[in-house]
Amino acid sequence: MMTSSFCSLARVRVECIEVRDGRTVIEASTPQGGFVPRPDCGVASGRVHSRYGRHLADAPCGGRGVVIELSVRRLF
């Protein structure tokens, strides 16, 4: 059962999962197209300014550290 706090994860695309330097690395990105409501006014925007990366580390799973490398769109 998916809770409301995880509903936005349905749009994240997993690109690759591999082991690097003893850690499990998950490469993921937000979708290429589509419109997203702006946080300040709620108006939908689909014009991409650039992309930037976020690196999230988590507790070990199966004896390996876990890192999520997430590429996120920055919109106008």
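The residue count restarts for each chain, going from 1 along the sequence in the order it is written. Confidence filtering applies because this is a predicted model: local features only for residues at pLDDT of at least 70, side-chain atom pairs given and counted only at 80 or more, and all residues used for totals across whole chains, interfaces and linings. Calculation of side-chain values draws on the structure's entire complement of heavy atoms; hydrogens and water are dropped beforehand.

Draft legend 1. View of the overall build of the protein. Helix and strand definitions follow DSSP, with helices as H or I runs of at least four residues and strands as E runs of at least two, each counted in order from the N terminus. Helix and strand counts for the protein come out as zero helices and six strands. Secondary structure elements of the protein occur, N-terminal to C-terminal, as β-β-β-β-β-β. Burial status across the protein gives 14% buried among its 76 residues. For the protein, restricting intrachain contacts to residue pairs at least 6 apart in sequence, the fraction spanning at least 24 positions comes to 45%. Of the accessible surface of the protein, which amounts to about 5700 Å², a share of 58% is contributed by carbon and sulfur atoms. Relative accessibility thresholds used throughout: buried, under 20% of the residue-type maximum; exposed, over 50%; partly exposed, between the two (1.4 Å probe, protein chains only). In what follows, residue pairs with any heavy atoms lying within 4.5 Å of each other are defined as contacts. All accessibility values rest on the Shrake-Rupley procedure with a 1.4 Å probe; residue burial counts only the protein chains present in the view.

Draft legend 2. Molecular detail of the environment of valine 12. Along the polypeptide, valine 12 turns up in the segment before β1 (13-20). Sequence separation of valine 12 and threonine 30 is 18 residues, and the distance between their C-alpha atoms is 4.9 Å. Contacts of valine 12, omitting those with residues within four sequence positions, involve Ala28, Ser29 and Leu70.

Draft legend 3. Molecular detail of the pairing of β1. Pairs of strands are assigned from DSSP output, requiring at least two bridges between the strands. Two elements, β1 and strand β2 (residues 23-29), share seven bridges in a ladder whose sense is antiparallel. Paired with cysteine 16 across the strands is glutamate 27, a residue of β2. Two successive antiparallel strands, β1 and β2, enclose a turn made up of two residues, where aspartate 21 displays a positive phi of approximately 50 degrees.

Draft legend 4. Representation of the pattern of salt bridges in the model. Any carboxyl oxygen of Asp or Glu that lies within 4 Å of a side-chain nitrogen of Lys or Arg is treated as forming a salt bridge with it. Enumeration according to the criterion identifies four salt bridges in this entry. Here arginine 20 makes a salt bridge to glutamate 18, at a shortest N to O gap of 2.6 Å. Note on arginine 20: relative accessible area 25%, which makes it partly exposed. Here arginine 20 makes a salt bridge to glutamate 69, at a shortest N to O gap of 3.6 Å. Placement of the pair is arginine 20 in strand β1 and glutamate 69 in strand β6 (residues 64-75), with a sequence separation of 49 residues. By relative accessible area, glutamate 69 is classed as partly exposed at 23%.

Draft legend 5. Highlighting the side chain of threonine 24. Note that threonine 24 resides in strand β2. Assessed through its relative accessible area of 18%, threonine 24 is described here as buried. If we skip the residues at most four places from it in the chain, threonine 24 touches Ile17, Glu18, Arg64, Gly65, Val66 and Val67.

All we've got here are geometric facts, nothing functional implied.
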